[in-house]
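For reference, the chains in residue letters:
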Amino acid sequence: DEIEIWTDVDGFMTADPGLVPGAVPIDSLTYDEAFELTHYGANVVYPPTVKPACRALVPIVIRNTFNPGFLGTVIKESGSTSNINITGVTLLTDLVLLKLEGNEFTDSLGVTGRVYSLLARNKVEVVLASQASAGNSISLCIHSDRALEIKAKIEEELRYELHFGQIKSLGFEQEVSLIAVISENLRNNSTIPGRIFDSLGRNGVDILSIAQGASMLNLSLVVSKTDEVKALNVIHDAFVNDEDRQKDTAEATALCNCGLRYVSMG
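This one's a predicted model, so the numbers in the text were calculated from it and none came from an experiment.

Would you explain the environment of isoleucine 150 in this entry?
Relative to the helices and strands, isoleucine 150 resides in helix α4 (residues 147-157). Exposure remark for isoleucine 150: the relative accessible area of 0% places this residue in the buried category. Taking the C-alpha atoms as reference, isoleucine 150 lies 7.7 Å from leucine 119; in sequence the two are 31 residues apart.

Written out as structure tokens, the structure is:
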């Protein structure tokens, strides 16, 4: 009827508690949310472990060997119980952002396909990709350990376009991090991205690149490594702690309206 996986944590959390002190356990999430969370840094379960259960629609329960009384997290087909609009905020570090810009390069030059083919041949994982609608700039986020090698290979592949000015520049920003906001609610709640951008803007965090997955479960943001912990906390606080505060205020207001006058809501 279900599979229990006993590990050393209480299940999935809304963020890494070592970086976000306000992180709370997630009671329930979908298979898709679990895959997204694990892919983007939540190392609670190994994704291939989940796939057979997902195919058979068997719920998985993540339990803590050191806290057996805790119910943990249930992973199932549907019915995420998150009441805070987002399921989790994760972090990937040790990345670089490759940026390819040009005045003329368009689909006729085949630049995008050639770059992706080169990355595939060299077995390079693209963590995030973003392309301007005008077709004259591409941003690719990759792991930093092969950044210089890959930059040199792309320069060789596009040497003629660079020489004749069809591609203006190829550069990369070192020491960037990727923040991924995961939630089934991203599919049908248009206010979530606005709250994310507002919280980062008010706290002075610059966004270097943005992408949203086709599944609409994941909004990924690239920020400077120096801002990674701040970005994690302000996004988490914008949903988890802020909504807790709103709930507490609403409950207090209801009590006052019902005749409980210990505090003034003014």
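Looking at this model, I keep getting lost on the packing of helix α3 (residues 111-121) against α4. Mind explaining?
Packed helices, taken two at a time, are described by the angle their axes make and the gap between the axes. One way to put it is that α3 packs onto α4 with a least axis distance of 10 Å and a crossing angle of 135°. The angle between α3 and α4 falls in the class oblique. Crossing of α3 against α4: the hand is right-handed. Seen from α3, the contacting residues are Arg114, Val115, Leu118, Leu119 and Arg121; seen from α4, they are Ile150, Lys153, Ile154 and Glu157.

What is the right way to read the pairing of strand β4 (residues 73-76) from this model?
Every regular strand shows the same layout, with side chains that alternate between the two sheet faces. Taking every second residue as pointing to the same face, the buried face of β4 carries Thr73 and Ile75, while none of Val74 and Lys76 on the other face is buried. Relative to β4, strand β3 (residues 60-64) runs antiparallel, the two sharing three bridges. Across the sheet, isoleucine 62 pairs through a bridge with threonine 73, a residue of β4.

Please clarify how helix α6 (residues 191-202) should be interpreted in this entry.
One turn of the α-helix equals 3.6 residues, which is why residues spaced by three or four share an orientation. With 12 residues, α6 should cover 16 Å at 1.5 Å per step; its first-to-last C-alpha distance of 16 Å lies within 8% of that length. All buried positions along α6 are accounted for by Ile192, Pro193, Ile196, Ser199 and Leu200. With its buried residues spanning 135° around the axis, α6 presents them on a single face. More than 90 degrees from the buried face of α6, the exposed residues found are Gly201 and Arg202.

Help me understand the environment of leucine 178 in this model?
Tracing the backbone shows leucine 178 in strand β8 (residues 169-182). Judged by relative accessible area, leucine 178 falls into the buried class, the value being 0%. Between the C-alpha atom of leucine 178 and that of valine 96, which follows or precedes it by 82 residues, the distance is 9.7 Å.

Sorry, what's going on with the sheet that holds β4 here?
The four strands are arranged β1-β3-β4-β2 in an open sheet whose pairing can be described as mixed. In this open sheet, the two strands that pair with only one neighbour each are β1 (3-7) and β2 (28-30). Going from strand to strand, the sheet's axes swing by 20° on average, the running direction of each strand aside.

Looking at this structure, how should I read the sheet that holds β8?
Adjacent strands of a sheet form backbone hydrogen bonds with each other and so pair up, either parallel or antiparallel. Read from one edge of the open sheet, six strands run β6-β7-β5-β8-β10-β9, paired in antiparallel fashion. Of all strands in the sheet, those with a lone pairing partner are β6 (126-131) and β9 (209-212), marking the two edges. Here the average twist between neighbouring strands, direction ignored, is 30°. One ladder, built from five bridges, connects β6 with strand β7 (residues 137-143); its direction is antiparallel. For leucine 128, the partnering residue across the bridge sits in β7 and is cysteine 141. Its contacts with the sheet put α4 on β5 (88-101), β7 and β8, and the angle it makes with β8 is roughly 125°.

Help me understand the side chain of threonine 14, please; the structure alone is not making it clear to me.
Secondary-structure assignment places threonine 14 in the loop between β1 and β2. A polar side-chain atom of threonine 14 sits 2.7 Å from a polar atom in the side chain of histidine 236.

Whenever I open this one, the nonpolar core confuses me. Can you help?
Side chains of nonpolar character tend, in soluble globular proteins, to be buried together. With 27 residues, the main nonpolar core has Phe12, Ile75, Cys141 and Leu178 as its most contacted residues. Looking at this core, the elements with two or more residues in it are α1 (31-39), α2 (47-56), β3, β5, β6 and β8. By residue number, the principal contributor to this core is β8, which donates four residues. If we skip the residues at most four places from it in the chain, isoleucine 75 touches Phe12, Leu29, Thr30, Tyr31, Ala34, Pro59, Ile60 and Ile62. Judged by nonpolar contacts, the second largest core, of 22 residues, contains Val20, Leu186, Ile196 and Ala238.

Cut-offs applied
- Residues numbered from 1 in each chain as written.
- Predicted model: local features only at pLDDT ≥ 70, side-chain atom pairs only at ≥ 80, totals over all residues.
- Heavy atoms only, no water.
- Helix = DSSP H or I, 4+ residues; strand = E, 2+ residues; numbered from the N terminus.
- Buried < 20%, exposed > 50% of the residue type's maximum accessible area, 1.4 Å probe, protein only.
- Axes fitted to C-alpha atoms, helices over the stretch in contact; angles between N-to-C directions.
- Parallel < 35°, antiparallel > 145°, perpendicular 65-115°, else oblique.
- Left-handed = near helix turned anticlockwise from the far one by under 90°.
- Contact = heavy atoms within 4.5 Å.
- Pairing = 2+ DSSP bridges.
- Expected span 1.5 Å × (residues − 1).
- Arc of directions from axis to C-beta.
- Polar contact = N/O pair within 3.5 Å; in protein donor to acceptor, adjacent residues only side chain to side chain.
- Core = buried A, V, L, I, M, F, W, Y, C linked by side-chain atoms within 4.5 Å.

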